[in-house]
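Overview (structure and organization)
Residues per chain, in single letters:
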Amino acid sequence: MYRRVSRVRVCGVRSFSHSLTHNSHSNTGTPGLRHLDMSGNNLTESTARALVKALEYSRCQISSLVLKNNHLGDDGTIAIARALPRFLCLEHLDLSSNNMGNAGISALSRGLRMDGTLRVLILSGNCAVNDIGLKQLVGTVRDSHQGKIVGACSLIEVDVSGCPDVSSSLERELVSLLMERTGSSSVRRKSSGRLRVL
């Protein structure tokens, strides 16, 4: 018998990772965990890897993972991106304000080519992201839309607000691709003037 959990806000990744791993060894797992918010926990590359491992071992069917305002950088983002195909229920991923650059977004683009569930990707506030990295994400969305990668990349919302080096033409291309996919023309402007694709 396990306690039903649907939403958890965590302060302290080490104790949380230990708890998930312990539950998985006791054959109870944490199958009820759906939403995990670890914002502002000073997560780094090594703690991101520990978190991914703990989530995999716990057999969580997590649908929302919020890791905003941490210090994942490119290496921590790469660890998350490599796990995307194994998170079979993950629909919402918030990596905003994590000191991510183009290597991180490139890894996410590769992970999305093998993932068919992620629908919302929030990358706002990652100032080192520019057109070089975002072009790869746009290419993944385009290839999925054109049927070149079947069953992968289900994105319908991407937030790149607060990434000052992303060109408006590339943002418009991403908006256009996502609007074609969803059939929606819902696009909101953030207060910063950056586009948020919905």
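Residues numbered from 1 in each chain as written. Predicted model: local features only at pLDDT ≥ 70, side-chain atom pairs only at ≥ 80, totals over all residues. Heavy atoms only, no water.

**Here's the deal with the pattern of salt bridges**
Per the stated rule, a full pass over the model turns up 4 salt bridges. Residues D143 and R113 are paired through a salt bridge, measuring 2.6 Å at the closest nitrogen-oxygen approach. With D143 in helix α5 (residues 131-145) and R113 in the loop between α4 (102-112) and β5 (120-122), this residue pair connects regions lying 30 residues apart in the sequence. Using a relative accessible area of 16% as the deciding quantity, one classes D143 as buried. A salt bridge links E173 to R142, with the shortest nitrogen-to-oxygen separation between them at 2.4 Å. (Salt bridge = Lys/Arg side-chain N within 4 Å of Asp/Glu carboxyl O. Helix = DSSP H or I, 4+ residues; strand = E, 2+ residues; numbered from the N terminus. Buried < 20%, exposed > 50% of the residue type's maximum accessible area, 1.4 Å probe, protein only.)

**A closer look at the packing of helix α2 (residues 45-58) against helix α3 (residues 73-83)**
Each pair of packed helices gets described by two things: the angle between the helix axes and the distance between those axes. Direction vectors running N to C along α2 and α3 enclose 15°, while the axes themselves pass 7 Å from each other. What the angle tells us is that α2 and α3 run roughly parallel. The two elements α2 and α3 cross, and the hand of that crossing is right-handed. Contacts between α2 and α3 involve E45, A48, R49, V52 and E56 from the former and D75, G76, A79, I80 and A83 from the latter. (Axes fitted to C-alpha atoms, helices over the stretch in contact; angles between N-to-C directions. Parallel < 35°, antiparallel > 145°, perpendicular 65-115°, else oblique. Left-handed = near helix turned anticlockwise from the far one by under 90°. Contact = heavy atoms within 4.5 Å.)

**Describing the confidence of the model for the chain**
Looking at the chain as a whole, the pLDDT averages 81, with 77% of positions reaching at least 70. Across the chain, element-level confidence peaks in strand β4 (residues 92-94) with a mean pLDDT of 97 and bottoms out in strand β7 (residues 187-189) with 43. Every residue in residues 21-29 is under pLDDT 50, and counting partners more than four places away or in other chains gives 14 contacts. Low pLDDT (under 50) marks residues 185-194, which in the prediction has 23 contacts with non-local residues, meaning those over four places away or in another chain. (pLDDT = per-residue confidence, 0-100.)

**Quick notes on α5**
Because the α-helix completes a turn every 3.6 residues, residues three or four places apart line up on one side. The end-to-end C-alpha separation of α5 is 20 Å, in line with the 21 Å expected for 15 residues at 1.5 Å each. Along α5, the residues classified as buried are D131, G133, L134, L137, V138, G139, T140, V141, D143 and S144. Contacts made by the buried residues of α5 are with α4, β5, β6 (157-159) and α6 (168-182). A positive backbone phi angle near 80° is found at G147, which sits one or two residues after α5. (Expected span 1.5 Å × (residues − 1).)

**A few points about the state of the cysteines**
Tallied over the full model, the rule gives 0 disulfides. The closest cysteine sulfur to the non-disulfide-bonded C163 is located on C127, 6.8 Å from its own sulfur. (Disulfide = S-S within 2.5 Å.)

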